[in-house]
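# Examining the three-dimensional arrangement
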Amino acid sequence: MKKLLILLLFFSFHFSLLTLKAQAPGNYHANTRFEQMGTELPTPNTTRTASGAPGKDFWQQRADYDIKAELDDENRSIKGTETITYFNYSPDELKFVWLQLDQNLFQKGSINALSQNSSVQTQMSSSAVKAIGSPSSVRTSISTDKEYGYKITSVRDAKTQQTLKYTINNTMMRIELPTPIRNGQSYAFQIDWNYNITEYYGRSGFEFFAKDGNANYFIAHWFPRMCVYDDVNGWMNKQFLGQGEFTLTFGNYKVAITVPNDHVVGATGELQNAAQVLTAEQMKRMEKAKTATRPVLIVSQEEAEKAEKGKPSGKKTWIYKAENVRDFAFASSRKFIWDAMQIDQAGKKVMCMSLYPKEGNPLWGQYSTMVVAHTIRSYSKYSIDYPYPVAYSCHSTAGGGMEYPMISFNGGRPEADGTYSEQVKYAMIGVIIHEVGHNFFPMIVNSDERQWSWMDEGLNTFVQYLAEKEWDRDYPARRGEPQAIVEYMKTDATQQVPIMSSSDNIMAFGPNAYAKPATGLNILRETIMGRELFDYAFKEYSRRWAFKNPTPADFFRTMEDASGVDLDWFWKGWFYGTEPANQDLTEVEWFAIDAQNPEINKAEGRKQAEDKRETMARKRDREYIKESVVEKNPDMKDFYNTYDPYKLTEADKKKYDGYLASLGEDERKLAESGMNFYTIKVKNKGGLPMPVIIKMQYEDGTDSVARFPAEIWRLNDQDISKVILSKKKVVQWTLDPFREIADIDEENNTFPRQPAKPTKFQMFKSQGFQRGPNPMREAIQSQQPKAGQQGGAKN
């Protein structure tokens, strides 16, 4: 009992020392890391509550548009007139309104071009040289014989036709009103404008096909649009520099688009005059698409190829209506193949469609519309049910994508011979999921893209990751898994900024705005909160802020409010900081209860004594020393030459029996349990606190995993120790065994340390640029007859 009592007292004293050490002064920031965010977040009020929900006094503005526009295919230009009816639901009186003129990004001397760094290298491509003199950093091939940006020809009162005074400041335009718009009032005004269309640059423009002389048009941020006026920023009139995207107001749209009469058009909203712009056969095919389980061709490849060889005989006007959307975009071309398939999403009919030139086949015909339908279903499960009647995917260029309400422009193009690499296939599927998914974030959950890119790109990339896994279990997702963000997290702190950075100030935009927030949400779902709590909270955020404009604080607060999990430490570390996770398993101490069994103790003592004596020198001495003095002279021996201190005696047995008799039943079970006590010691070398996950490999070949929440660091964010009990002996310990926390150094995650592995490199013969592998083409070529062989069937 005495030794057992001493053992228990030792453990109590040991834990007391740990507590004192954790609270001792030093370079510890645990209290800072785990304190509530408090004043770091905006003060809650009746507009935006402390729970993260819209308050009883929440308000937002509305802007309705009636647009008539014409696309000039020959001159690559567009002109239009629009009537905007602006509704003021704010408590403020508005004496002027602000509009966005995004096409002014391409004007000579734009703020975007002037604010970019540039330099000349000793070796440069021709496109890079052209880019130096380009009026905009986002373009490398703007025609120098044209002027770009809006030409505003009229701004007037819609009722009186009185000219309104306006001022253009780069990509923003202020219109002064004849009388202020008070709360509950609306005001209608009209704008006439035109501009030259740029080549497609990733968001909008045309793609020209020299082989057939035709162009595909993808027209977006093409009309003067209202800026947002809200309770957070007042007027969001921050200049468009090209990276931070759009902050927009919901409203209803009626848009009439006049194009050459051989064009096929797809747009935001529902087509109102199908009978006037579609053939009887196309109408019949659309009806078939309503009940089909696979996409139905509305315009076939054969029909599209025939159209691209002809010329228009006139014009057609396609009329669309869209309700409660924040923007409007369209695509137009005579080259388009068009397919469609209607799905039922929670009782609502959604027509999923794709527009693509023949250059997109066979990939686009096989996958695009099916991926659109899958995306609508998958995202609806994790956020809210898709509320709109249509969803388009349009094939813009070889890579990249861009999103607008109900329509997106997506890359992914096969080779000219129709073959494609696995990378191209999955990149195409991924970009369609991503861009169609943007219908939910930010087209419905309407975050401020100009200020917070991560709120739409990061959240959308996270749900994209979930949808990709549901598309194909083995989908090679680029973003979402913690190990995929490790290389970025390793980069020097001077090359990183926090996720909570303004969109135009972000370095490494892809990792920062897309991958890191998506990975953080995946870590929350899989490791910190668990799927049930996370999914409920994320869905609640989507429900609360559908068709409203949330801020980061609304997201952070809702996730905690709906889950009951304190995540302030995580927001601070992952979103407001740049420190990485790097846990170092520095030591594992092994203890066992001394049961005072003399048979066991003496056997162990004998083995330890023999192990200590059996040195290399002792092995060599057996041959080197032919005969020792004691061996030669037996009279040199005494009692100790034959004494065996590890021999079990009757006195030992009697003493042990007396010890057992003094123990209670529970004490005896504990003493004889053979339990092992392991103290693991972990150092937080990266700075970012994360849960501690450790795998134990036992000597019998089995294993188990222990998990400790991040709060284990709350009193000491540099060093922690934890006692783990096990009846089995542990032979190997591994931190973060499933790569869940984006630990940037796996070499210090094991104890005993595992030998370092070499970094492999490839050696190859020098040669020019090589495309990625294309197994499809290689398989086709292997089946073709070799020279001198006859192909085809034998007669």
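Higher on the page you've got the structure.
Nothing here was measured: the structure is a model prediction, and the numbers come from that model.

## Comments concerning the overall build of the protein
Each helix and strand counted, the protein has 21 helices and 30 strands in total. Expected size for 795 residues packed as a compact globule is a radius of gyration near 28 Å; at 35 Å, the protein overshoots this value by more than 25%. C-alpha extents for the protein along the principal axes are approximately 125 × 85 × 60 Å. A buried classification covers 50% of the 795 residues belonging to the protein. In the protein, once contacts between residues fewer than 6 apart in sequence are set aside, the share between residues at least 24 apart is 76%. Carbon and sulfur atoms provide 51% of the accessible area of the protein, an area that totals close to 39800 Å². Considering the protein, the positive charge centre built from 99 side chains and the negative charge centre built from 101 side chains are found 3 Å apart.

## A few points about the side chain of Asp327
By secondary structure assignment, the location of Asp327 is in the loop between β17 (315-325) and β18 (330-333). Those residues in contact with Asp327 that sit more than four places away from it in its chain are Phe223, Arg225, Leu248, Tyr253, Thr268, Tyr404 and Pro405.

## Here's the deal with empty space enclosed by the protein
A full pass over the atoms with the stated rule returns one cavity of 30 Å³ or more. Taken as a whole, the largest cavity encloses approximately 40 Å³ of empty space. The wall of the largest cavity is formed by Gln103, Phe106, Tyr195, Ile197, Thr198, Tyr201, Ser204, Gly205 and Ile219. Class assignment for the residues of the lining of the largest cavity results in five nonpolar, four polar and no charged.

## Overview of the side chain of Asn748
Relative to the helices and strands, Asn748 is located in the loop between β29 (730-735) and β30 (750-751). Beyond its immediate chain neighbours, meaning those up to four positions away, Asn748 contacts Asn582, Gln583, Asp584, Leu585, Lys685 and Arg753.

## Digging into the packing of helix α13 (residues 531-545) against helix α14 (residues 552-563)
Across the interface, α13 lies against α14 with an axial gap of 8 Å and an inter-helix angle of 130°. In terms of axis orientation, α13 runs oblique to α14. Crossing handedness for the pair α13 and α14: right-handed. Contacts between α13 and α14 involve Leu533, Phe534, Tyr536, Ala537, Phe538, Glu540, Tyr541, Arg544 and Trp545 from the first element and Asp554, Phe555, Thr558, Met559, Asp561, Ala562 and Ser563 from the second. Partitioned by chemical class, the residues of the contact of α13 with α14 number 10 nonpolar, two polar and four charged.

## Focus: the pairing of strand β23 (residues 407-410)
What you see with β23 is no split at all: Ile407 and Phe409 on one side and Ser408 and Asn410 on the other are buried throughout. Strand direction decides the pairing type here: strand β21 (residues 390-395) and β23, joined by four bridges, are parallel. What sits directly across from Tyr392, in β23, is Ile407. When strand β22 (residues 401-404) meets β23, the two strands line up antiparallel, connected through four bridges. Across the sheet, Met402 pairs through a bridge with Phe409, a residue of β23.

## Brief notes about the sheet that holds β29
With antiparallel pairing, the four strands of this open sheet are ordered in space as β27-β26-β29-β30. On the outer flanks of this sheet lie β27 (703-708) and β30, each paired with one strand and no other. Two strands pair when backbone bridges link them, and strand β26 (residues 692-698) and β29 are joined in this way by five bridges, in the antiparallel orientation. Paired with Lys695 across the strands is Thr734, a residue of β29.

## Let's talk about the packing of aromatic side chains
For any two aromatic rings, the description comes down to two numbers: the centre-to-centre distance and the angle of the planes. One pass over the structure, following the stated rule, counts 57 aromatic pairs. For the pair Phe58 and Trp545, a centre-to-centre distance of 5.6 Å together with 80° between the ring planes defines the contact as edge-to-face. With Phe58 in the loop between α2 (30-34) and β1 (62-72) and Trp545 in helix α13, the pair connects residues that are 487 residues apart, well separated along the chain. Seen in terms of ring centroids, Phe218 and Phe336 are 6.1 Å apart; in terms of plane orientation they differ by 55°. Their pairing is tilted. Of this pair, Phe218 sits in strand β9 (residues 214-219) while Phe336 sits in the loop between β18 and β19 (337-345); the two residues are 118 residues apart in sequence, bridging distant segments of the chain. Taking the relative accessible area as the measure of exposure, Phe218 reaches 0% and is therefore buried. Among the aromatic side chains, those forming a connected cluster through ring pairs are Phe34, Trp454, Tyr541, Phe555, Phe556, Trp569, Phe570, Trp571, Trp574, Phe575 and Tyr576. In this structure, Arg76 packs its charged tip against the face of Phe206, placed 5.2 Å from the ring centre. Note that Lys335 overlies the ring of Phe209, its terminal NZ or CZ placed 4.3 Å from the centroid.

## With respect to the sheet that holds strand β24 (residues 583-592)
Reading across from one edge, β24-β25-β28 is the order of the three strands in this open sheet, with antiparallel pairing throughout. Two strands close off the open sheet at either side, each with one partner strand: β24 and β28 (719-726). Each strand of the sheet is rotated relative to its neighbour by a mean of 20°, with strand direction disregarded. In this structure, strand β25 (residues 676-684) lies alongside β28, joined through eight bridges in antiparallel fashion. What sits directly across from Lys683, in β28, is Asp719.

## Observations regarding helix α12 (residues 509-528)
An α-helical turn contains 3.6 residues, so any two residues separated by three or four positions project in the same direction. The largest bend in α12 is about 35°, located at Ala515, with the proline Pro517 one to four residues further on. Among the 20 residues in α12, 18 count as buried, and that is most of the element.

## Some thoughts on the packing of helix α8 (residues 363-382) against α13
Where α8 contacts α13, the axes come no closer than 8 Å and their chain directions differ by 100°. Taken as axis vectors, α8 and α13 run roughly perpendicular relative to one another. From α8, Ser380, Lys381 and Tyr382 reach across to α13, where they touch Asp535, Phe538 and Lys539.

## A look at a nonpolar patch on the surface
A surface patch of nonpolar side chains, amounting to about 260 Å² of accessible area, comprises Val629, Val630 and Met636. Here Val629 falls in the exposed class, since its relative accessible area comes to 55%.

## Side note on the nonpolar core
The tendency in soluble globular proteins is for nonpolar side chains to be buried as a group. Counting 190 residues, the largest nonpolar core has Trp222, Phe555 and Trp574 as the members making the most contacts within it. At nine residues, α8 tops the list of elements feeding residues into this core. In this view, Trp222 contacts Ile67, Ala69, Ile78, Gln103, Tyr150, Trp193, Tyr195, Val255, Phe328, Ala329 and Phe330; residues no more than four positions away in its chain are not counted.

## Here we look at the pattern of salt bridges
Summed over the entire model, instances satisfying the criterion amount to 49 salt bridges. Arg531 is the salt-bridge partner of Glu526, the closest N and O atoms lying 2.9 Å from each other. Residue classification places Glu526 among the partly exposed residues on the basis of a relative accessible area of 33%. Salt-bridge contacts for Arg544 lead to Asp561; the nearest nitrogen and oxygen are separated by 2.6 Å. Taken together, the residues span a long stretch of sequence, with Arg544 in helix α13 and Asp561 in helix α14 at a distance of 17 residues.

Cut-off values and rules
- Residues numbered from 1 in each chain as written.
- Predicted model: local features only at pLDDT ≥ 70, side-chain atom pairs only at ≥ 80, totals over all residues.
- Heavy atoms only, no water.
- Helix = DSSP H or I, 4+ residues; strand = E, 2+ residues; numbered from the N terminus.
- Rg over C-alpha atoms; globule rule 2.2 N^0.38 Å.
- Buried < 20%, exposed > 50% of the residue type's maximum accessible area, 1.4 Å probe, protein only.
- Contact = heavy atoms within 4.5 Å.
- Areas by Shrake-Rupley, 256 points an atom, 1.4 Å probe, with all protein chains shown as cover.
- Lys, Arg positive; Asp, Glu negative; His and termini not counted.
- Charge placed at Lys NZ, Arg CZ, Asp CG, Glu CD.
- 1 Å grid on protein atoms, 1.4 Å probe; cavity = no way out; pocket = protein on both sides within 12 Å on 5 of 7 lines; lining within 4 Å.
- Points joined across faces, edges and corners; volume = space filled by probe spheres on them.
- Nonpolar A, V, L, I, M, F, W, Y, C, P; charged D, E, K, R; others polar.
- Axes fitted to C-alpha atoms, helices over the stretch in contact; angles between N-to-C directions.
- Parallel < 35°, antiparallel > 145°, perpendicular 65-115°, else oblique.
- Left-handed = near helix turned anticlockwise from the far one by under 90°.
- Pairing = 2+ DSSP bridges.
- Phe/Tyr/Trp six-rings, centres within 6.5 Å; stacked < 30°, edge-to-face > 60°.
- Lys NZ or Arg CZ within 6 Å of the ring centre and 35° of its normal.
- Bend = angle between axes of the 7 residues up to and from the residue.
- Patch = residues over 30% accessible without salt bridge, like charges linked within 9 Å, V, L, I, M, F, W, Y side chains within 5 Å.
- Salt bridge = Lys/Arg side-chain N within 4 Å of Asp/Glu carboxyl O.
- Core = buried A, V, L, I, M, F, W, Y, C linked by side-chain atoms within 4.5 Å.

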